[in-house]
Amino acid sequence: MCVFLSHSARHQLEKNMSLELGLIIGFSLCYGVILTIELINIGLFTPVAIYERIKNRWIKSPSKASPVGIASPIQKSPSVSVIVPAYNEEATIIDTVRALQAQDYDDLQIVVVNDASRDQTLTLLRESFELYPVDLEPSGSLSRTPVYGVFSSKILPSLTVIDKQRSGKGKADALNVGVGYALNELICTVDADSILDPDALHLITEPFRRHSDQVVSGGTVRVGNGSRLPDLTTHRPRFSWNPLVLFQSLEYFKMSYIDRVVLSTFNSIYLVAGAFGVFKKSVVQELGGYRHDSLAEDLELTLRIHRHFIERGERYRISHVPNAVCWTEAPYNRSQLLRQRIRWQGG
């Protein structure tokens, strides 16, 4: 069967094909440039990362012998309040809190901020940890959002649960509410769908024991899609054949074990991920906490801390601890990945 096109239709078809061909060529060129830059990045940064690995031998678990190049702690472990903002996290919140409960750490407070979840997040917390209401007022709160109630646990005394009203200000506001109820000198932010290794808090706070000018410390975020809690805490995550998840696993590995190791050497880390980062509470409060008008509140706060100390001419350290591992769930389809990357780039 033959189809005859008019001259105008044929011209329009050729125009559309030229446009599509141009888009394909443009995308291929851009992808090629980005890939080349990444390869150069890896080639330049990898030797530095290996050098740092040999020189410092990275901090190890407290149950293991002190590695060469790492001095004994200069003081006792600082007190830490872990803040977990949670909105509709019924699928993961219990495992997250139990992983925090299993931390090899003495002076620890766990603060879960329920951001007006519409699912069973708060109900599961009540039932699993036998919550009861307490009269606890925030100190130096960074948020004016009303709180429905504050709860402690009969079976986990270190757990505090805050049930706050929905403010429309996102994760940043939930974190600011949590800072107000944090009782300790350091705050650690952890996503509600993330699982920490049992020794992660000890490892990530080591720089604070060693350096008096330490203000922020970040850990490694690894992809653990499809794995159960025992798989992650024993470093045996289930392998995912999803190409998007596999790509992100390699991407996260490169960021944590090459890029940030090198950036940490020059005190130039521009992002301490909200999924797992430790901050001096006094610094966060002095700077006014997290800003809700940013799509990437963790990036914005990290850069603001840099600027704060540089403008004052004061010594400070922002470090990355590769061996302090947090497992998270990465986007597993194109729509989720697109939303995440738009938020990252927009922030």
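None of these values were measured; they are calculated from a predicted model.

Each value, and the rule that gives it
Residues numbered from 1 in each chain as written. Predicted model: local features only at pLDDT ≥ 70, side-chain atom pairs only at ≥ 80, totals over all residues. Heavy atoms only, no water. pLDDT = per-residue confidence, 0-100. Contact = heavy atoms within 4.5 Å. Helix = DSSP H or I, 4+ residues; strand = E, 2+ residues; numbered from the N terminus. Buried < 20%, exposed > 50% of the residue type's maximum accessible area, 1.4 Å probe, protein only. Polar contact = N/O pair within 3.5 Å; in protein donor to acceptor, adjacent residues only side chain to side chain. Pairing = 2+ DSSP bridges. Patch = residues over 30% accessible without salt bridge, like charges linked within 9 Å, V, L, I, M, F, W, Y side chains within 5 Å. Areas by Shrake-Rupley, 256 points an atom, 1.4 Å probe, with all protein chains shown as cover. Salt bridge = Lys/Arg side-chain N within 4 Å of Asp/Glu carboxyl O. Arc of directions from axis to C-beta. Lys, Arg positive; Asp, Glu negative; His and termini not counted. Charge placed at Lys NZ, Arg CZ, Asp CG, Glu CD.

*Asks:* Quick one: what's the story with the confidence of the model for the chain, residue by residue and with numbers?
*Replies:* When pLDDT is averaged across the chain, the result is 83; 75% of the residues are at 70 or more. Within the model, the stretch residues 63-73 combines pLDDT values under 50 with 18 contacts to residues more than four positions away or in other chains.

*Asks:* Describe the side chain of Gln214, and please don't skip the residues or the numbers.
*Replies:* If you trace the backbone, Gln214 turns up in strand S8 (residues 214-223). Since its relative accessible area comes to 0%, Gln214 is described here as buried. A distance of 2.6 Å separates a polar atom in the side chain of Gln214 from the backbone oxygen of Val216. Gln214 has contacts with Pro207, Phe208, Lys280, Arg317, Ile318 and Ser319, leaving out every residue within four places of it along the chain.

*Asks:* Mind laying out the sheet that holds strand S5 (residues 159-164), listing which residues take part and the relevant values?
*Replies:* If you trace the 10 strands from one edge of the open sheet to the other, you get S3-S4-S5-S2-S1-S6-S9-S8-S10-S7, paired in mixed fashion. Edge strands, defined here as strands with exactly one partner in the open sheet, are strand S3 (131-133) and strand S7 (195-196). Here S7 runs beside strand S10 (residues 317-328); their pairing, made up of 2 bridges, is antiparallel. Residue Leu196 lies in a different strand from S10, and its bridge partner there is Cys326.

*Asks:* Requested: an account of a nonpolar patch on the surface, with residues and values cited.
*Replies:* Residues Phe239, Trp241, Leu246 and Leu250 make up a contiguous nonpolar surface patch of about 510 Å² in total accessible area. Along the polypeptide, Phe239 turns up in the loop between helix H7 (229-233) and helix H8 (243-265).

*Asks:* So what's going on with the pattern of salt bridges? Residues and values would help.
*Replies:* Tallied over the entire structure, the rule returns 13 salt bridges. Among the ionic pairs, Arg166 bridges to Asp115, the shortest N-O distance being 3.1 Å. You can see Arg166 sitting in the loop between S5 and helix H4 (170-181) and its partner Asp115 sitting in strand S2 (residues 108-115), a full 51 residues away along the chain. Judged by its relative accessible area of 43%, Arg166 is partly exposed. The shortest N-O distance in the salt bridge between Arg307 and Glu311 comes to 2.8 Å. Of this pair, Arg307 and Glu311 are both found in helix H10 (residues 297-312), 4 residues apart, which corresponds to roughly one turn of the helix. One exposure class covers both Arg307 and Glu311, and it is exposed. Here the salt bridges share partners, and the residues they tie into one network are Asp115, Lys164, Arg166 and Asp173.

*Asks:* Go over helix H3 (residues 121-129) with me, naming the residues and quoting the values.
*Replies:* Among all positions of H3, only Thr121, Leu122, Leu125 and Phe129 are buried. Down the axis, H3 shows its buried residues gathered within 95 degrees of arc, on one side only. Glu130, located one to two residues past H3, shows a positive phi value of around 50 degrees.

*Asks:* Could you give an account of a negative patch on the surface, naming the residues involved and the relevant values?
*Replies:* A surface patch of like charges, here negative, comprises Asp104, Asp106, Asp107 and Glu185. Its location among the elements puts Asp106 in the loop between helix H2 (93-101) and S2.

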